[in-house]
Amino acid sequence: MDFKQDAQIDTGSVVGGGGGGGGRGGGIAVGGIGGIIMVILALVLGLNPGDLLGGGSGQPDTQQTSNAQCRTGADVEKNPDCRWPAYMTSLGQYWSQALNGFQPTTMRIFSGGVQTACGTANSQVGPFYCPGDQKIYIDDDFVGQLLQQLGTQQSTAAEAYIVAHEYGHHIQNLTGVLARSQDGQTGPLSNGVRVELQADCYAGVWFKWAAQNPDDVIDNITQDDLARIVDAARVVGDDHIQKQSGGGVNPDGWTHGSSAQRKFWVSKGFNSGDPNQCDTFSTDDLGA
Ligand SMILES: [Zn+2]
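From a predicted model like this one, the values you see are computed outputs, not experimental measurements.

A.B. asks: Please explain helix H4 (residues 140-150) as it appears in this structure.
C.D. replies: The α-helix winds at 3.6 residues per turn, so residues separated by three or four positions along the chain end up facing the same way. Within H4 the residues assigned to the buried category are Asp-140, Phe-142, Val-143, Leu-146, Leu-147 and Leu-150. Across the axial projection of H4, the buried residues extend over an arc of 140°, all falling on one side. Packed against the buried residues of H4 are helix H3 (83-98), strand E4 (106-109), strand E8 (135-138), helix H5 (156-175), helix H7 (223-235) and helix H8 (238-244). Looking at the residues trailing H4, positive phi occurs at Gly-151, about 100°.

In structure tokens:
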């Protein structure tokens, strides 16, 4: 996966992080693998961290630093932090023409801890979307660790999948689907899992568009990138995480879907290129 040299990047799509020269938070330590695994059981690629973060009483995030020097795809080579607004720019371009009533979301890069409208988060919660302030939160250093601990390589393709999945939650917030995950149910056919699998499918749809669109900033998506995306979907599967954390596989506890389910829906999105094929609520054949 490359970045087209001349393609524009929306510098306002990401705040915080090294690209903006600011936004680094305090020194809340990242725990060891056990602690991380326990938290990601609940929250890998999650949405509103809710109760675990102290409820919705937090103040909305006010970080304003943009990534002003990330203007074109060529800037990603000079400053790798510019890849984050590059992903966000391409996702915004896709969804602005795919969804009536679209409004963009922004990404907030943080390190250590961050206050959000969904509560105070630290790196260990992993990337998440907060519907309360409509932002994607990501600790850019922690994403690589997370992927490696889960057993896949860090790559731009895997990162882009994570961002696209969280962007999918924003789309679901706009369409009203996101609220269906709030019933607290778990299991392979639960509404929560259906919401997560739809976000995976949306990520696949966007990859297809990015692979075919000559104008967006993402270039040259290869078979190897696709393999990495599917492998990232595999390692964030609930059954894989349950096994990795030393327990048995317990489908009743699934919140995001099994490896097989997640691979199935990312692939379905990519193969169809059609978000209408991502209706995970109209079928009980969810690819388990
Ligand atoms: Zn999710």
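A.B. asks: How should the pairing of strand E5 (residues 113-116) be read in this particular structure?
C.D. replies: Strand residues, when the strand is regular, have side chains that alternate between the two faces of the sheet. Taking every second residue as pointing to the same face, the buried face of E5 carries Val-114 and Thr-116, while none of Gly-113 and Gln-115 on the other face is buried. With four bridges joining them, E5 and strand E6 (residues 119-122) adopt antiparallel strand pairing. Looking across to E6, one finds that Val-114 is bridged to Ala-121. Linking two consecutive strands that pair antiparallel, namely E5 and E6, is a turn of two residues.

A.B. asks: Where do I start with the packing of helix H6 (residues 191-212) against helix H9 (residues 259-272) in this structure?
C.D. replies: The relative placement of two packed helices comes down to the angle between their axes together with the axis-to-axis distance. The interhelical angle for the contact between H6 and H9, taken along N-to-C directions, is 35°, at an axis separation of 6 Å. In terms of crossing hand, the pair formed by H6 and H9 is right-handed. For the pair formed by H6 and H9, the contact residues are Leu-197, Asp-200, Cys-201, Tyr-202, Ala-203, Gly-204, Val-205, Phe-207 and Lys-208 on the first element and Gln-261, Arg-262, Trp-265, Val-266, Ser-267, Lys-268, Gly-269 and Phe-270 on the second. Along the lines of polarity and charge, the residues of the contact of H6 with H9 split into nine nonpolar, four polar and four charged.

Conventions adopted
- Residues numbered from 1 in each chain as written.
- Predicted model: local features only at pLDDT ≥ 70, side-chain atom pairs only at ≥ 80, totals over all residues.
- Buried ≥ 20, exposed ≤ 12 C-beta atoms within 10 Å, placed from the backbone.
- Helix = DSSP H or I, 4+ residues; strand = E, 2+ residues; numbered from the N terminus.
- Arc of directions from axis to C-beta.
- Contact = placed C-beta atoms within 7 Å.
- Pairing = 2+ DSSP bridges.
- Axes fitted to C-alpha atoms, helices over the stretch in contact; angles between N-to-C directions.
- Left-handed = near helix turned anticlockwise from the far one by under 90°.
- Nonpolar A, V, L, I, M, F, W, Y, C, P; charged D, E, K, R; others polar.

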